[in-house]
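# Structural characterization, general
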Amino acid sequence: MLALKIHHIGYLVKKINGAIRSFENLGYRIVQETVYDDIRKVDICFMEKDGYCIELVSPVSEESVVYGLLKKYKNSPYHICYETEDFDKDYQALVSNGFIAIDEPTPAPALQNREVVFLTSPSMGMIELLIHQYS
Ligand code: NI
């Protein structure tokens, strides 16, 4: 049994400030102001409504890893992030279930530099794993 907890839904947006205003109009509030992720060349802002956390992700350069996805999906949700308390075990279980890692665990500046890794499955698409850290 996997010990995964939903952490956020990743939402691609073309223009982050316009998207923030639109989500605010729907009743979302900012839980973390926009942070620039230099590794992925994206701006990231976390917002929340009714206990649901969304991560607005907006590429700032054509070199961004999500620039191609934005062209394909436009403004759209594109991943669910799961927090794991037992990364090694859950990662192995996902790989056994057909998931393929599409990058290495890498610090996420918008998440206090906790490490994340993206995986993809033919039947489910992309997920993000956030490695739990004890403070
Ligand atoms: Ni994410």
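Here the structure is shown first, and the text comes after it.
Let me begin by describing the structure that accompanies this report.

Quick notes on the rules
- Residues numbered from 1 in each chain as written.
- Predicted model: local features only at pLDDT ≥ 70, side-chain atom pairs only at ≥ 80, totals over all residues.
- Heavy atoms only, no water.
- Helix = DSSP H or I, 4+ residues; strand = E, 2+ residues; numbered from the N terminus.
- Buried < 20%, exposed > 50% of the residue type's maximum accessible area, 1.4 Å probe, protein only.
- Contact = heavy atoms within 4.5 Å.
- Areas by Shrake-Rupley, 256 points an atom, 1.4 Å probe, with all protein chains shown as cover.
- Donors = N, O, S within 2.8 Å, 3.2 Å for Na, K, Ca; no water.
- 1 Å grid on protein atoms, 1.4 Å probe; cavity = no way out; pocket = protein on both sides within 12 Å on 5 of 7 lines; lining within 4 Å.
- Points joined across faces, edges and corners; volume = space filled by probe spheres on them.
- Phe/Tyr/Trp six-rings, centres within 6.5 Å; stacked < 30°, edge-to-face > 60°.
- Arc of directions from axis to C-beta.

Turning to the overall build of the chain, a few remarks are in order. If you tally the helices and strands in the chain, you get three helices and nine strands. When its helices and strands are written in sequence order, the chain yields β-α-β-β-β-α-β-α-β-β-β-β. For the C-alpha atoms alone, the extent of the chain along its principal axes is close to 40 × 30 × 25 Å. Expressed as a percentage of the 135 residues in the chain, the buried residues total 41%. Look at the contacts in the chain between residues 6 or more apart in sequence, and 55% of them connect residues 24 or more apart. For the chain, the exposed area adds up to about 7,800 Å²; of that, 52% sits on carbon and sulfur atoms.

Each protein donor to the nickel ion is listed here as His 8 (NE2), Glu 55 (OE), His 79 (NE2) and Glu 128 (OE); together their distances run 2.0 to 2.2 Å. For the nickel ion, all donor residues lie on one chain, and their spacing in sequence is H-x46-E-x23-H-x48-E. Placement of the pair is His 8 in strand E1 (residues 4-12) and His 79 in strand E5 (residues 76-84), with a sequence separation of 71 residues. The same class applies to His 8 as to His 79, namely buried.

Another aspect to go through is the layout of surface pockets. Approximately 310 Å³ is the volume found for the largest pocket. Arg 40, Val 65, Val 66, Asp 103 and Phe 118 are the residues nearest the centre of the largest pocket, which is lined by 22 residues in total. Sorting the residues of the lining of the largest pocket by element identifies strand E3 (42-49), strand E4 (52-59), E5, strand E7 (106-108), strand E8 (114-121) and strand E9 (125-131) as the ones contributing at least two each.

Evaluated as defined, the whole model comprises three aromatic pairs. Taking 5.1 Å as the distance between ring centres and 85 degrees as the angle between the ring planes, the aromatic pair formed by Tyr 11 and Phe 23 counts as edge-to-face. Highlighted residues: Tyr 11 in strand E1 and Phe 23 in helix H1 (residues 16-25), separated in sequence by twelve residues. On the basis of relative accessible area, Tyr 11 is assigned to the partly exposed category, the value being 23%. Between Phe 23 and Tyr 28, the aromatic rings sit 4.9 Å apart at their centres with planes inclined by 85 degrees, giving edge-to-face as the arrangement. The class of Phe 23 is buried, set by a relative accessible area of 10%. Feature note: the residues Tyr 11, Phe 23 and Tyr 28 constitute an aromatic cluster, connected by ring pairs.

Right, let's get into the environment of Leu 12. Mapped onto the elements, Leu 12 comes out in strand E1. On the accessibility criterion, Leu 12 (0% relative accessible area) is buried. Taking the C-alpha atoms as reference points, Leu 12 and Lys 74, 62 residues apart in sequence, are found 7.2 Å from one another. Residues in contact with Leu 12, not counting those within four places in the same chain, are Val 57, Val 66, Leu 69, Leu 70, Tyr 73, Lys 74, Asn 75, Ser 76 and Tyr 78.

Turning to helix H3 (residues 87-96), its buried residues are Phe 87, Asp 90 and Leu 94. Burial along H3 is one-sided: seen end-on, the buried residues are contained in an arc of 75 degrees. Seen from the open side of H3, the exposed residues pointing more than 90 degrees away from its buried face are Asp 88 and Ser 96. In this structure, the buried side of H3 is in contact with E1, E5, E8 and E9. Just downstream of H3 lies Gly 98, where phi reads positive at about 100 degrees.

That's the geometry; what it means functionally is another story.
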